[in-house]
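These are the residues of each chain, in order.
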Amino acid sequence: MECRNCELTKFKFYCENCLRNHQRDYRNANDYVSTEKSQHIEKASRALERMEPARKRRAEVASLEKSVAELQEQLGRLREANDQTRQRLAQLQAGLGTRRQSLKQAEQFVPQTQKHPSVETLRRASLDMTSALARARSGLVQELVEVFHVVEVGGRPSWGRIVGAKGQWSIAGSELPVPGDINRHQPEQINATVQHTIHFLSLLTFYLGVKLPFEITWNGNAPTVGQAFISATKGGESGGWAKWPGKYPLHLPTPSSSFSSSSSSSTSAKEAQQNFITGFTMLLYNVAYLAHTQGIEVTLAQSGEVLRNLWAVCCSTELGKRSHNSGAHLLSPPTPPSFSLDFSQLLQATTTNPPSRSQARKLAAAAQKSDLKKRETAIAEEDWHLVESSEDLGGVG
């Protein structure tokens, strides 16, 4: 060879010419192999093209066999579940047959008159029970009126055929003022009368089974002990009373707990009185709603007369026939749409220029007079319509 280095066996050194020769030989060999590879790939592709339909059919067959195996497995589970259901159905049918046989045997010992009571019999029994319950409630209410001595000063009022004298209402010997007359009475006297009224109202609603819109709570260790507060219970949007969930006092600050003569103390005293008026308005709303449940409608002008309205409730002909707690003749939750008195209007009437007792009576009398006039007008229009129709008929004849 030309290169002595290439002939050495111990060291692998190549000259430039030898490297060129090696590279040329490698490229020639690679070209030859690539050509053969391409030829083999082309032959394999042609061979696979002929085998592809068979391979696809075998793959589809394998997939179908797998699906069939899964369906058979599911079918086996369904059959097992059906067998269990059939067994359970057979047990239920056997139990039903046993019950029917026992019922037939029991019917032989039941009197024929007690097997199937008629609807009319059940209705009469329900009415009798309701009447008995109403009579029991009426008796309790009468005793309650006597215990708390709810009267009108100068004699009890005219109610039905009972003749009485007009005067100021009182409970347990104390007069309860209307919102417009609160500033004319001592706080101690107002607190005592309001507390008597709260106790009377609580017992009255307990006897009648009525749930009121506003709930009364006490800050003492036991119910009806301590100072009373009032707040709205849960209810709907009718009446607007459910928007007042805060607690408001049903008592005025007494002189023993009065504030100093500073301006801030005067503001606090006014705020306490305003909160009391708001709570007292809630009490008025409770009494008006209680009257509605017993068939007595109290107008906005009459709502301030608490004791008069409670007396009207106790004398109602519908007293005790409906309640929230009885199984029959249930009342709607407070307050239904049929109760038209809105709490916001009542609060506005008691906080902005509230009428005195004499003004409230005048407003109530004017409202009654207006209603009477409307009725007379409606009757006159109906009579005129009948006369006109008769004249028309006479003219045609």
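In what follows, the accompanying structure is described. Predicted, not measured: the structure shown is a model, and the values here were computed from it.

Turning our attention to the nonpolar core. Formed by 55 residues in total, the largest nonpolar core has its most connected members in Phe200, Leu204, Phe280, Leu290 and Leu310. Among the secondary structure elements, those contributing two or more residues to this core are α3 (119-148), β2 (169-171), α4 (187-208), β4 (214-218), β5 (228-232), α5 (263-293), α6 (306-314) and α7 (343-351). With eleven residues, α5 is the single largest residue contributor to this core. What Leu310 contacts, discounting residues up to four positions off in sequence, is Thr197, Phe200, Leu201, Leu204, Val287 and Leu290.

Quick look at the environment of Ala242 now. Locating Ala242 in the fold gives a position in the loop between β5 and β6 (248-249). For the pair formed by Ala242 and Pro213, sequence separation is 29 residues and the distance between their alpha carbons is 7.7 Å. Not counting the four nearest positions on each side in its chain, Ala242 is found in contact with Ala232, Thr233, Gly235 and Gly236.

Taken as a whole, the second largest pocket holds about 310 Å³ of empty space. As for the second largest pocket, its lining consists of 14 residues, and the residues nearest its centre are Ser202, Thr205, Phe214, Glu215 and Ile216. Taken together, the elements giving at least two residues each to the lining of the second largest pocket come down to α4 and β4. Of the residues belonging to the lining of the second largest pocket, the class tally is seven nonpolar, five polar and two charged.

The next point concerns the packing of aromatic side chains. Counted under the stated rule, the structure contains twelve aromatic pairs. With 6.0 Å between their ring centres and 65 degrees between their planes, Phe214 and Trp241 make a pair best called edge-to-face. Within this pair, whereas Phe214 is found in strand β4, its partner Trp241 is found in the loop between β5 and β6, the two being separated by 27 residues in sequence. Given a relative accessible area of 2%, Phe214 falls into the buried group. The rings of Phe214, Trp241, Trp244, Tyr248, Tyr285, Tyr289, Phe339 and Phe343 are connected pair by pair, giving a single aromatic cluster.

Here the focus is the sheet that holds β4. For sheets, the rule is that strands pair by backbone hydrogen bonds, running either parallel or antiparallel. One open sheet accounts for three strands, arranged β4-β5-β6; its pairing is antiparallel. The sheet terminates laterally at β4 and β6, the two strands that pair on one side only. The pairing of β5 with β6 spans two bridges and is antiparallel. Each bridged residue has a counterpart across the sheet, and for Phe229 the counterpart in β6 is Pro249.

Turning our attention to unusual backbone geometry. One non-glycine residue, His149, lies in the positive phi region at around 55 degrees. With respect to the element layout, His149 can be found in the loop between α3 and β1 (151-152). Here His149 falls in the partly exposed class, since its relative accessible area comes to 42%. One non-glycine residue, Ala172, lies in the positive phi region at around 55 degrees. Structurally, Ala172 can be placed in the loop between β2 and β3 (174-175). Residue class for Ala172 comes out partly exposed when judged on its relative accessible area of 40%.

In this structure, Phe200 sits in helix α4. On the basis of relative accessibility, which here comes to 0%, the residue Phe200 falls in the buried class. Along the backbone, Phe200 and Val141 are 59 residues apart, and their C-alpha atoms lie at a distance of 9.8 Å. Residues in contact with Phe200, not counting those within four places in the same chain, are Leu144, Val145, Phe148, Val150, Ile171, Leu310 and Cys314.

Let's shift gears to the pattern of salt bridges. Tallied over the entire structure, the rule returns five salt bridges. Residue Glu52 is joined to Arg55 by a salt bridge in which the shortest nitrogen-to-oxygen separation is 3.0 Å. Placement of both Glu52 and Arg55 in helix α2 (residues 16-107) is noted, with a separation of three residues, approximately one turn of the helix. The class for Glu52 is partly exposed, based on a relative accessible area of 29%. Classification of Arg55 by relative accessible area gives partly exposed; the value is 41%. In this structure, Glu73 and Arg77 form a salt bridge, with 3.3 Å as the shortest nitrogen-oxygen distance. Taken together, the positions of Glu73 and Arg77, both in helix α2 and four residues apart, correspond to about one turn of that helix. Accessibility expressed as a relative area gives 46% for Arg77, which makes it partly exposed.

Definitions and cut-offs
- Residues numbered from 1 in each chain as written.
- Predicted model: local features only at pLDDT ≥ 70, side-chain atom pairs only at ≥ 80, totals over all residues.
- Heavy atoms only, no water.
- Core = buried A, V, L, I, M, F, W, Y, C linked by side-chain atoms within 4.5 Å.
- Buried < 20%, exposed > 50% of the residue type's maximum accessible area, 1.4 Å probe, protein only.
- Helix = DSSP H or I, 4+ residues; strand = E, 2+ residues; numbered from the N terminus.
- Contact = heavy atoms within 4.5 Å.
- 1 Å grid on protein atoms, 1.4 Å probe; cavity = no way out; pocket = protein on both sides within 12 Å on 5 of 7 lines; lining within 4 Å.
- Points joined across faces, edges and corners; volume = space filled by probe spheres on them.
- Nonpolar A, V, L, I, M, F, W, Y, C, P; charged D, E, K, R; others polar.
- Phe/Tyr/Trp six-rings, centres within 6.5 Å; stacked < 30°, edge-to-face > 60°.
- Pairing = 2+ DSSP bridges.
- Salt bridge = Lys/Arg side-chain N within 4 Å of Asp/Glu carboxyl O.

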